[in-house]
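As a plain string of letters, each chain reads:
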Amino acid sequence: MSFEGKFVVITGGAGGIGLATAQQFLAGGAKVLLVDLKDEALKEAKSKLNNADNVYTFSANVSKEEEVKAYVDYAKEVFGKIDIFFNNAGINGPFNMITELESKDFDAVIDVNVKGVFYGLKYVLKEMKSQGSGAVVNTASLAGMIETPGMAAYGASKHAVIGLTKTAANEVAGEGIRVNSVCPAPVDTNMMRAIETNMNPDDSESVKTEYSNSIPLKRYAEAEEIANVVIFLASDGASYVTSSHYTVDGGMTPN
């Protein structure tokens, strides 16, 4: 798909899905701003993109409103506008039953996964409204649609992302802006390695096997497969798609 002349902001840009999506936007001719927590991770990500002249980076903690405003201001400074926003940053948190879950761990997940998405919407949508156009894709999860025992904070946060997506889409539908979410099942990235280890530190590989066997396609998704759907939702090919959550789950979604 062509994204010539388009300017894209991706949070969680140094991670597996963010990086895979950036590669596809760049291949389509876009300029991309990668936002992530650590400069070192961003430098490595840019290197993987062959230090493309069309790649910019900005270090920010998405759970801090002032830092979100800062990356949006930077995007406006270098690009002049924001055509596409992939609101993707997220963390998984520890694996614990609700009765054992520490409040601080719950708060940490909500701060990144919910407040980070909210702040991103707040400041990016202001820019998109002023220009009268834009496409937003939020990263939710299959965990936002089903129960997730042992991952209460993560599941709650992703349910919230779907709610924020629908609300935002309705608020800006008449202003040339579309807002959708993508809901992956397990993806073969570092985040899933962390989840597997959290669930069973002594035998994380057995967790991967169990998860894989629960998926009708019998495997994890590749980051590129999630990126394919994000790219579609951000493209002109999805011009009549808004307020939707797209599952990319190998058939896991219950009927």
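Conventions we followed
- Residues numbered from 1 in each chain as written.
- Predicted model: local features only at pLDDT ≥ 70, side-chain atom pairs only at ≥ 80, totals over all residues.
- Heavy atoms only, no water.
- Axes fitted to C-alpha atoms, helices over the stretch in contact; angles between N-to-C directions.
- Helix = DSSP H or I, 4+ residues; strand = E, 2+ residues; numbered from the N terminus.
- Parallel < 35°, antiparallel > 145°, perpendicular 65-115°, else oblique.
- Left-handed = near helix turned anticlockwise from the far one by under 90°.
- Contact = heavy atoms within 4.5 Å.
- Nonpolar A, V, L, I, M, F, W, Y, C, P; charged D, E, K, R; others polar.
- Phe/Tyr/Trp six-rings, centres within 6.5 Å; stacked < 30°, edge-to-face > 60°.
- Buried < 20%, exposed > 50% of the residue type's maximum accessible area, 1.4 Å probe, protein only.
- Expected span 1.5 Å × (residues − 1).
- Arc of directions from axis to C-beta.
- Pairing = 2+ DSSP bridges.
- Right-handed = clockwise from strand over helix to strand, strands pointing away.

Draft legend 1. Molecular detail of the packing of helix H4 (residues 103-131) against helix H5 (residues 152-172). Contact geometry for H4 and H5: axes closest at 9 Å, N-to-C directions at 15°. Classed by the angle they form, the pair H4 and H5 counts as roughly parallel. Judged by the sense of rotation from one axis to the other, the crossing of H4 with H5 is right-handed. Side by side, H4 and H5 meet where Phe106, Val109, Ile110, Asn113, Val114, Val117, Phe118, Leu121, Leu125 and Lys129 of the first sit next to Ala153, Tyr154, Ser157, Lys158, Ala160, Val161, Leu164, Ala168 and Val172 of the second. Across the contact of H4 with H5, the residue classes tally to 15 nonpolar, 2 polar and 2 charged.

Draft legend 2. Spatial organisation of the packing of aromatic side chains. Under the definition given, this model contains 6 aromatic pairs. Here the aromatic rings of Phe3 and Phe25 are separated by 5.0 Å at their centres, their planes lie at 80°, and the arrangement is edge-to-face. Here Phe25 lies in helix H1 (residues 16-27) and Phe3 lies in the segment before strand E1 (7-11), a separation of 22 residues in the sequence. With respect to class, Phe3 is no different from Phe25; both count as buried. Relative to Tyr119, the ring of Phe118 lies with its centre 5.4 Å away and its plane at 50°, an arrangement referred to as tilted.

Draft legend 3. Structural detail: the side chain of Ser235. Here Ser235 shows up in the loop between helix H8 (223-234) and strand E7 (245-248). Once residues within four sequence positions are removed from consideration, Ser235 is found in contact with Met1, Phe3 and Arg178.

Draft legend 4. Expanded view of H5. Taking 1.5 Å per residue, 21 residues should reach 30 Å; H5 reaches 30 Å between its end C-alpha atoms and fits that length. Those residues of H5 that are buried are in contact with H4, strand E5 (134-139), strand E6 (177-184), helix H6 (190-199) and E7.

Draft legend 5. Up close: H6. Looking only at H6, the buried set comprises Met192, Ile195 and Glu196. Seen end-on, H6 carries its buried residues on one side only, within an arc spanning 100°. For H6, the elements touching its buried residues are helix H7 (204-214).

Draft legend 6. Representation of the side chain of Ser157. Its location among the elements puts Ser157 in helix H5. When near neighbours in sequence (up to four residues on either side) are disregarded, Ser157 contacts Val109, Ile110, Asn113 and Val114.

Draft legend 7. Representation of the pairing of strand E3 (residues 55-59) within the structure. One ladder, built from 5 bridges, connects strand E2 (residues 31-36) with E3; its direction is parallel. Directly across from Leu34, in E3, lies its bridge partner Thr57. For the segment spanning E2, helix H2 (residues 39-48) and E3, crossover handedness is right-handed.

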